[in-house]
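Overview (structure and organization)
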Number of protein chains: 2
Amino acid sequence: MHDAGADLVLVAGGAGFIGSHLCAALLDRGDRIVCLDSLQTARRSNLQALLDRPGFEFIEGDVTRPLPDAITGRAARFGRVYNLACAASPPAYQIDPEHTMLTNVVGTAHLLRFAEAAGARFLLTSTSEVYGDPECHPQREDYRGWVNCTGPRACYDEGKRAAEAMTFDFARMGRADVRVARIFNTYGPHMHPDDGRVVSNLICQALSGRDITIHGDGSQTRSFCYVADLVDGLIRLMESEIDGMEPVNLGNPVELTVNELLDLVVSLTGSSAGVTYLPLPVDDPRRRRPDIGRAERLLGWTPKVPLDAGLAMTCAWFADELGISGAPLPAIAHAAE
Amino acid sequence: MHDAGADLVLVAGGAGFIGSHLCAALLDRGDRIVCLDSLQTARRSNLQALLDRPGFEFIEGDVTRPLPDAITGRAARFGRVYNLACAASPPAYQIDPEHTMLTNVVGTAHLLRFAEAAGARFLLTSTSEVYGDPECHPQREDYRGWVNCTGPRACYDEGKRAAEAMTFDFARMGRADVRVARIFNTYGPHMHPDDGRVVSNLICQALSGRDITIHGDGSQTRSFCYVADLVDGLIRLMESEIDGMEPVNLGNPVELTVNELLDLVVSLTGSSAGVTYLPLPVDDPRRRRPDIGRAERLLGWTPKVPLDAGLAMTCAWFADELGISGAPLPAIAHAAE
């Protein structure tokens, strides 16, 4: 795929939700992977499935620290560096906001310097959070965002904006060949059951028969991309020979309200649980939908998995994960057909 | 001023333009200062005048590195920490954008952790650049800005936004008592003659008889605050017992176009130099004017020095600095009366 001598791919954050799917997809295409992960938010079981596969090597480490010698000592062998390292759900990234900021800024600096030393191409997974609570809809990459830099989400949102700034500076200074993906809401197997995000929340509560909690009145909208589609977009972006100076939105442009999502999940799980409405967290975005024109044009990428099919697969995985696979889940079999 | 045992003030970036005036003003009020500066953009002569004063101690160091033992070893003696450390003019901060970003993020983290350990109050000098090229005018502190996080100014603008985010996180987590000032364009003696900013550019070119260069057509507006006013605002903010969770704009709300500034400078210096118009740099803001209602209300602060008087003092200082004090400067004597 790249220079003959550069046979390794570094995936920082490769034991996380998206990272574990990315690693699996890269292994599927024959890449040899070194996964660097602090296991701060990663699920051990995500990692376990990868450890059994040939071509996969795991190194525990935190990107805010200098990269381990086991990686820097083989720099010339790396042709690609993916940076997915950061807690991504608000409850997780707000536990230690200083660490979240440093993961994004210092971690990205360490990985960019490594890519520079290795002559490797670098891909930053940025986020739709750089658009904040957007005033323009859908969000195109040239929209500059409406981010509160003083609020409790800023450690992540501003951390990612700063990571983008540094990534493009490395490219502008001729120090690295870069790609920047702005990832919108993504869902699928390997999510944390209790990471506080809406898809996993709704599914786990519906499956377990607990009351379902909705933050706000449920009229806020989101756009959900199935993780396999997202990973396909990341690999296309990394391997494309485009001008890397522009960020690329990756997400599913099908928009629905949280209440519509709730109805789908209830229907898929056959849940009869009640619904409790809680206050909306500070700075929670009201609407979020990607304009993916750039990804379509540059990468020939568009999401393929419809929401009902993706949710059915996710419900089935969570049911298995939570050990309630014996429960009646009538709609899943139908939707997954 | 504060705890009896805490008799020292740390001023990071204290040898710079604003920093040197701040140190002088703090010495005037009886504070004992430890100035930490990398001398990256500081003028040696700014520092020299301070070194002669009792109560002033200089330590050379870069805030991106762990703070020197000579500071951390005396943590309990520090009651105040001012962070002014960062190159602030685009040509200077764009030389090494990675270092600019890390100065803002890692430097601020080092100083915040020091303030936490010392139990000292921390003041971040943020910037009107967090508003980017503003769509709302004048800019209030709750305006979220229009910043291009992928452009060549982002290392500074996003670096400061990230530094704000981290500062407010330290306050939210109960780790430090903080203040954040957003400083608008400031001018006065001790500026770099060639830092690429409009006031120093115009004055130095007018004084030296070279052609005067204006970027853009000169219709873009700025608001210029005399440095003594700004320093007064910084000290008031640091010493005020306000809720530190809100940033405070500090600047002069009198707005004028760059062409109007040019006319003033030409009149003050008696220059007969021609004017050359050059292209506007990328992401240069078109308008910039602070709403200072919050500073007026919370600090009782308002700028006092009129622009013509401040410019006259600045012209006189530059004429002396450039060794052309013998040149005819008819308007200065008048304006400075």
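Note that the structure is predicted; figures quoted are calculated from it, not measured.

Description of the sheet that holds strand E1 (residues 8-12) of chain B
Residues and elements named next belong to chain B. Judged by pairing direction, the sheet is parallel, and its seven strands sit side by side in the order E3-E2-E1-E4-E5-E6-E11 without closing on themselves. Two strands in the sheet have a free side with no partner beyond their single neighbour: strand E3 (56-60) and strand E11 (248-250). Adjacent strand axes in the sheet meet at a mean angle of 20° when their direction is disregarded. By the bridge criterion, five bridges tie E1 to strand E2 (residues 32-37) in an arrangement that is parallel. Paired with Leu10 across the two strands is Val34, which belongs to E2. Lying over the sheet, helix H1 (residues 17-28) contacts E1, E2, E3, strand E4 (78-83) and strand E6 (177-183), oriented at roughly 170° with respect to E1.

Brief notes about the nonpolar core
Within the largest apolar cluster, 74 residues are counted, with the highest numbers of intra-cluster contacts made by A:Leu10, A:Phe114, B:Leu10 and B:Phe114. Those residues in contact with A:Phe114 that lie beyond four places of it in its chain are A:Leu10, A:Leu67, A:Ile71, A:Thr72, A:Ala75, A:Phe78 and A:Val81.

What to know about the packing of aromatic side chains
Applying the stated rule across the entire model yields 15 aromatic pairs over all chains. Aromatic pair A:Tyr131 and A:Phe184: ring centres 6.0 Å apart, planes at 35°, arrangement tilted. Of this pair, A:Tyr131 sits in the loop between strand E5 (121-127) and helix H6 (154-172) while A:Phe184 is found in the loop between strand E6 (177-183) and strand E7 (186-187), placing the two residues 53 residues apart along the sequence. With respect to class, A:Tyr131 is no different from A:Phe184; both count as buried. Geometrically, the ring pair formed by A:Tyr143 and B:Trp146 is tilted, given 6.0 Å between the ring centres and 55° between the ring planes. Of this pair, A:Tyr143 sits in the loop between E5 and H6 while B:Trp146 is found in the loop between strand E5 (121-127) and helix H6 (154-172), placing the two residues in two different chains. With respect to class, A:Tyr143 is no different from B:Trp146; both count as buried.

Some thoughts on the pairing of E4(B)
Residues and elements named next belong to chain B. Here E4 lies mainly inside the structure; six of its six residues are buried. Bridge analysis of E1 against E4 gives five bridges, and the strand direction is parallel. Paired with Val9 across the strands is Arg80, a residue of E4. Of the strand pairs in this sheet, E4 and E5 are connected by four bridges, and their pairing is parallel. Note that in E5 the partner of Val81 across the bridge is Phe122.

Notes on the relation of the copies chain A and chain B
Least-squares fitting of chain A to chain B yields an RMSD of 0.0 Å, with the superposition described by an axial translation of 0.0 Å and a rotation of 180°. Here the transformation between the copies is reduced to the relation of a two-fold axis. When you check the interface residues of chain A against chain B, 100% turn up at the interface there too, and the contact is symmetric in its surfaces.

Details of the interface of chain A and chain B
Contact residues are listed per partner, giving 39 residues for chain A and 39 residues for chain B. Buried area between chain A and chain B, summed over both chains or domains, comes out near 3100 Å², and the portion from carbon and sulfur atoms is 59%. Of all residues in chain A, A:Glu98, A:Arg144 and A:Trp146 bury the most surface against chain B, accounting for 22% of the area lost on that side. Viewed at the interface, chain B and chain A are joined by six salt bridges. A salt bridge links B:Glu158 to A:Arg161; its shortest N-O distance comes to 2.8 Å. At the boundary of chain A and chain B, one finds 16 residue pairs in polar contact (both at pLDDT 80 or more).

Here we look at the packing of helix H7 (residues 198-208) of chain B against helix H9 (residues 258-269) of chain B
Axis angle and axis distance: for two packed helices, these are the angle between their axes and the distance between the axes, and together they describe the pair. All names here are of chain B. Interhelical geometry of H7 versus H9 gives an angle of 35° and a closest axis separation of 10 Å. Judged by the twist between their axes, the crossing of H7 over H9 is right-handed. Contacts between H7 and H9 pair Val198, Val199, Leu202, Ile203, Ala206 and Leu207 from the former with Val258, Leu261, Leu262, Val265 and Thr269 from the latter.

Structural notes on the side chain of B:His110
Mapped onto the elements, B:His110 comes out in helix H5 (residues 97-118). In this structure, B:His110 is in contact with B:Val63, B:Thr64, B:Arg65, B:Pro66 and B:Leu67, ignoring residues within four places of it in sequence.

A short note on the state of the cysteines
Residue and element names in this part refer to chain A. Overall, the coordinates contain zero disulfides over all chains when judged by the stated rule. Cys149 takes part in no disulfide bond, and the closest cysteine sulfur, belonging to Cys155, lies 12 Å away. On the accessibility criterion, Cys149 (5% relative accessible area) is buried.

Here's the deal with the environment of B:Pro134
All names here are of chain B. Residue position: Pro134 is located in the loop between E5 and H6. As a C-alpha pair, Pro134 and Arg144 span ten residues in sequence and 9.0 Å in three-dimensional space. When neighbours within four sequence positions are excluded, Pro134 is seen to be in contact with Gln139, Tyr143, Pro285, Arg286, Arg287 and Arg288.

Description of the sheet that holds E6(A)
Residue and element names in this part refer to chain A. Sheet architecture is open: seven strands sit in the order E3-E2-E1-E4-E5-E6-E11, paired in parallel fashion. For this open sheet the edge positions go to strand E3 (56-60) and strand E11 (248-250), each flanked by a neighbour on one side alone. Adjacent strand axes in the sheet meet at a mean angle of 20° when their direction is disregarded. Lying over the sheet, H6 contacts E5 and E6, oriented at roughly 155° with respect to E5.

The rules behind each value
Residues numbered from 1 in each chain as written. Chains lettered and ligands numbered in written order. Predicted model: local features only at pLDDT ≥ 70, side-chain atom pairs only at ≥ 80, totals over all residues. Heavy atoms only, no water. Pairing = 2+ DSSP bridges. Helix = DSSP H or I, 4+ residues; strand = E, 2+ residues; numbered from the N terminus. Axes fitted to C-alpha atoms, helices over the stretch in contact; angles between N-to-C directions. Contact = heavy atoms within 4.5 Å. Core = buried A, V, L, I, M, F, W, Y, C linked by side-chain atoms within 4.5 Å. Buried < 20%, exposed > 50% of the residue type's maximum accessible area, 1.4 Å probe, protein only. Phe/Tyr/Trp six-rings, centres within 6.5 Å; stacked < 30°, edge-to-face > 60°. Least-squares fit on C-alpha atoms with pLDDT ≥ 70 in both. Buried area = accessible area lost by both parts, 1.4 Å probe. Salt bridge = Lys/Arg side-chain N within 4 Å of Asp/Glu carboxyl O. Polar contact = N/O pair within 3.5 Å; in protein donor to acceptor, adjacent residues only side chain to side chain. Left-handed = near helix turned anticlockwise from the far one by under 90°. Disulfide = S-S within 2.5 Å.

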